[in-house]
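# Analysis of the macromolecular model
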Amino acid sequence: MKKNARPPRRNAGPRTFSGHSSAESYSPSSAAHSLEEKFIVAALKRCGGEGVPSRSLQRESGIRDKDAFYGALHHLEESGEVLVDKDHWVKLAPPVTEIEATLVSISERFGFARPTKAGEDIFIPGRDLNGAFVGDTVILCGLQKRDRGPSGRVKRIVQRGENKITGTVHVDEHGARVTPDGPIRYDLEVPQSLLGGAKDRDKVLLEPRQDGRGDWRQAAVKMVFGCGDRARVCADAIIERCGIPTQFPPEVLAQAQEISQMTVTEEDLAHRLDLREEPIFTIDSADAKDLDDAVSARKTAEGYTLGVHIADVSHYVKAGTPMDLEAFRRGTSVYFADRVIPMLPEALSNGVCSLNAGTEKLTFSALMDFDQEGNMIDYRFEKTVINSQVRGVYSEVNAILAGTASKELLDKYAPVMESLQTAKELADILAANGKARGQMDLTSDEIKFVLDEDGICVDILPRTQGASEEMIEQLMVAANCAAAKASLKARIPFLYRVHEHPSPDRVLELCDLLERLGVPCKELTRGNPEAKDFAAVLNRVKGTGKESVVNQRILRTMDKARYDHRELGHFGLALAEYSHFTSPIRRYPDTSIHRILSGLVRGADPEDLGKRYRTFAEEAAAESSKTEVRAVTGERDAEDCYTAEYMRQHLGEHHVGVINGVTPKGIFVKLPNNAEGFVSLQDFQDCDFEYDGEIMHRDLRSGRVLMMGQELPIIVAAADVATGRIDFVPSSVTLDPNAREGSGD
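The notes below deal with the structure included here. (Residues numbered from 1 in each chain as written. Predicted model: local features only at pLDDT ≥ 70, side-chain atom pairs only at ≥ 80, totals over all residues. Heavy atoms only, no water.)

## Let's talk about helix α4 (residues 231-242)
Let me state the cut-off plainly: Secondary structure elements are taken from DSSP: a helix is a run of H or I of four residues or more, a strand is a run of E of two residues or more, and numbering for both begins at the N terminus. By definition here, a helix of n residues has an expected span of 1.5 Å times n minus one. Residue exposure (1.4 Å probe, protein chains only): buried if accessible area is under 20% of the type maximum, exposed if over 50%, otherwise partly exposed. Should any heavy atoms of two residues lie within 4.5 Å, those residues are counted as being in contact.
Taking 1.5 Å per residue as the helical rise, α4 with its 12 residues ought to reach 16 Å, and the 16 Å between its terminal C-alpha atoms agrees with that figure. The element α4 is extensively covered by neighbouring structure, given that nine of its 12 residues are classed as buried. Of the positions making up α4, those classed as buried are Ala231, Val233, Cys234, Ala235, Ala237, Ile238, Ile239, Arg241 and Cys242. The secondary structure elements touched by the buried residues of α4 are β10 (165-172), β13 (202-210), β14 (216-227), β20 (340-341) and α18 (606-647). A positive phi of about 70° marks Gly243, the residue just after α4.

Below, the structure written as structure tokens:
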């Protein structure tokens, strides 16, 4: 059996998604307002249109924290919502009449464009698209306020998009058409001469073409990936569509080969703290090969000393080299069920940089002291050399911590047993502290895929965390906090992992939904709720049928976690300072942080580091956020295809799931293995449903209710691998055995 090689989601914070909400008035950046920004805008409106000195504006806004005030003001200026002159007088910018945006989705009758700077998506009627297509950068005019959000029209196309578009070919007696993936929501005709050898159900790369009237109605096939009934083929297409780089340039491979021959030299040892005799160990999944973090812990008179030892990637990957430029372009390793697309060549990620047990490795260590209550009382960063004594495996350590380990396992871990037990003791204290400060415990909906020797998905399981996974996560969070603290103390440029406070409008929408679900949420209605208030709601539904629904809706209420050169805090973890330091083999932000901190450790002047890295930190944060979105999009789209491939082998089976979403045309039901399928209202016999607009349908004939969080017995009716769509029907329906192969509708 083959399993996907995705590492556990360490120290990444909660998975969060942006949502859409109706706006009372159009503003290009209103959806991105922090609470401080709202106070500033309100104060400017009270002061009239002539402007006000920034110091007076701070007093008028009621924001006491000077850094918070000027940070919010700077963000408003960047987004074009306020104007600040050379004398620091501030006034509201005049109303927007035109705006640059990117067309992000299109159907036969309308499209949506996303402003370049910030703001919610703008609706564009089909007649006003003026030849624009998905991916195009456009100038919008005629911006209007609508009850359901802003609208506008395309004035001109600034630049044609370079997005790659994939789809599934359908051939019948009427000819050939292709159903595009993603943001193109209608079929395109493919003339026989432009099929490129593609057959019915093939996954293809296509080139959309305009017809004589300028409408995007046709396409030509540029590449054939293979049959879309195989998830592996669909993953190939997804990688191409998302633009995820798969081949390393020759100069990068040559550099990787050269670096792979490097060994630990006497010169290295002369300039590093020698930790080779310390009881250091790694813990990863059994099939992991890129081991980038190791830990050690011991008790002290004051409490605990923790060492988090990270592969010193920045020692090997120098700024501006082909290897560095390629890592910047990739941004992150990408994990699919059947493959890993690494950020660094395997000669580094699985070789010279990987902290394999029994070998001397160069590391960058965060050395932290904690008191007995788990408060970090001191920290420092050192260039080190280690020799990991044990290559730990999560399942093995879980057995040790549960007291069920065999003698063979106990013997294996004997050299680091005291360090391991101390690390667990400290991690438990840190976890309790996180809970006390209000860290949100969002349930993961990740899936673990099991593939056979042919690469076909034969099992899916909810991804779970054991005691050792939770331990490592806590220790990594501590190191990430220490890195952020070090940068702030030294006042040097940095990359932070930020997760901003949710918009008050979205919180109000969430409260309305929770009240309708019967979930008490008074904490969220009091002014400016903190993470602990959301945590209280999550604890309230834990273990109930509403847990998944509430988790999902709270995630949608949150802003998306991202990277920024400014420290804006991490709301989900309830931390004022946070970064990503612990995975430089697979994340470029961590490599960036190592590079900057290395200069600090060498004794470089913080002012000189500021001149050297300020622009780099801004560019790396912005690009890393983009590449992360690209990777997550590709991973999740592929997961849908693998899930459908598995469910296709179980057509006709009866299961009980939980209603996880409600739409005007039906409901989504999630099974215990996290597979989700759609149930059409048309499949409920003799029913006349009325939709409440958000959480439920009520049958006007019988009074039956279909509500989010409610259990529903279903039958697996269809699974289309090419689109990742799964269809269920109510268990009372009799299935036609001839209609169980798939659904492309």
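Moving on, there is more to tell.
## Description of the packing of aromatic side chains
We apply this condition: Any two rings among Phe, Tyr and Trp, with Trp reduced to its six-membered ring, count as a pair given centres within 6.5 Å; such a pair is stacked if its planes are under 30 degrees apart, edge-to-face if over 60, and tilted if neither. The criterion is that NZ of a Lys, or CZ of an Arg, lies within 6 Å of the ring centre and within 35 degrees of the ring normal, and then a charge sits over that ring.
On inspection of all chains with the given rule, the structure shows 15 aromatic pairs. Seen in terms of ring centroids, Phe494 and Tyr496 are 5.4 Å apart; in terms of plane orientation they differ by 55°. Their pairing is tilted. Accessibility assignment for this pair places Phe494 and Tyr496 in one class, buried. Of note, Arg330 hangs over the ring of Phe248, and the distance from its end group to the ring centre comes to 3.6 Å. Just above the ring of Tyr563 sits the side chain of Arg497; from NZ or CZ to the centre is 4.6 Å.

## Let's talk about a negative patch on the surface
For clarity, the threshold we go by: Like charges within 9 Å and nonpolar side chains (Val, Leu, Ile, Met, Phe, Trp, Tyr) within 5 Å are joined into patches, using only residues over 30% in relative accessible area that form no salt bridge. Here the accessible surface of atoms and residues is derived via Shrake-Rupley with a 1.4 Å probe, and residues count as covered only by protein chains that are part of the display. By salt bridge we mean one thing: a side-chain nitrogen of Lys or Arg within 4 Å of a carboxyl oxygen of Asp or Glu. Residues scored as charged are limited to Lys and Arg (positive) and Asp and Glu (negative), so that His and the chain ends carry no count. The atoms used to mark charge sites are NZ of Lys, CZ of Arg, CG of Asp and CD of Glu.
On the surface, Glu77, Glu78, Glu618 and Glu619 cluster together into a negatively charged patch. Mapped by element, the contributors of at least two residues to the negative patch are α3 (66-78) and α18. The partly exposed category is assigned to Glu78, whose relative accessible area is 43%.

## Side note on the nonpolar core
Stated formally: Here, the term nonpolar core denotes a set of buried Ala, Val, Leu, Ile, Met, Phe, Trp, Tyr and Cys residues that are joined through side-chain atoms within 4.5 Å.
Tyr413, Phe581 and Leu597 are the most contacted members of the largest nonpolar core, which totals 82 residues. In this structure, Leu597 is in contact with Phe364, Phe381, Ala483, Ala486, Ile492, Phe494 and Phe581, ignoring residues within four places of it in sequence. Of all hydrophobic cores here, the second largest spans 68 residues; its members include Ile239, Val549, Ile554 and Ala644.

## Remarks on the state of the cysteines
Here is the rule we go by: Defined by distance alone, a disulfide is two cysteine sulfur atoms within 2.5 Å.
Per the counting criterion, the structure on display carries zero disulfides. With no disulfide of its own, Cys234 has Cys641 as its nearest cysteine by sulfur position, at a separation of 4.3 Å.

## Structural notes on helix α17 (residues 588-601)
The terminal C-alpha atoms of α17, which comprises 14 residues, lie 20 Å apart, in line with the 20 Å expected from a rise of 1.5 Å per residue. Most of α17 sits inside the fold, with 12 of its 14 residues counted as buried. Every buried residue of α17 is listed here: Tyr588, Pro589, Asp590, Thr591, Ser592, Ile593, His594, Arg595, Ile596, Leu597, Ser598 and Gly599. A positive phi of about 95° marks Gly603, the residue just after α17.

## Some thoughts on the pairing of strand β24 (residues 447-451)
Test applied: At least two DSSP bridges between two strands are needed for those strands to be called paired.
Taken across its five residues, β24 has four buried, putting it largely inside the fold. When β24 meets strand β25 (residues 457-462), the two strands line up antiparallel, connected through five bridges. Along β25, the bridge assignment pairs Val450 with Asp459. Connecting the antiparallel pair β24 and β25 is a turn made up of five residues, with Gly455 showing a positive phi of about 80°.

## Focus: unusual backbone geometry
The phi angle at Arg201 is positive, at roughly 80°, despite the residue not being glycine. By the secondary structure assignment, Arg201 is in the loop between β12 (188-189) and β13. Residue Arg201 is classed as buried on the basis of its relative accessible area, which comes to 19%. In this model, Arg491 sits at a positive phi of 55°, which is unusual for a non-glycine residue. By the element assignment, Arg491 lies in the loop between α13 (467-490) and β26 (496-498). When its relative accessible area of 74% is taken as the criterion, Arg491 is described as exposed.

## Regarding the side chain of Asp720
Selection rule: In protein, a polar contact means a hydrogen-donor-capable atom and an acceptor-capable atom, both N or O and within 3.5 Å, with residues adjacent in sequence counting only if both atoms are side-chain atoms; elsewhere, any N or O pair within 3.5 Å suffices.
If you trace the backbone, Asp720 turns up in strand β34 (residues 711-720). A distance of 2.7 Å separates a polar atom in the side chain of Asp720 from a polar atom in the side chain of Thr723.

## Focus on the side chain of Arg595
Looking at where Arg595 falls in the secondary structure, it is placed in helix α17. Take Arg595: its relative accessible area is 8%, and that puts it in the buried class. Discounting chain neighbours no more than four positions away, the residues touching Arg595 are Ser314, Val317, Lys318, Ala319, Asp324, Tyr588, Tyr613 and Phe616.

## Re the environment of Asp371
Residue position: Asp371 is located in strand β21 (residues 360-371). Judged by its relative accessible area of 17%, Asp371 is buried. Sequence separation between Asp371 and Asp292 is 79 residues; the distance between their C-alpha atoms is 27 Å. When residues no more than four places from it in sequence are discounted, the contact partners of Asp371 are Glu302, Gly303, Tyr304 and Ile377. Within the structure, Asp371 has its side chain in polar contact with the backbone nitrogen of Asn375 (distance 2.9 Å).

By themselves, these figures tell us nothing about what the structure is for.
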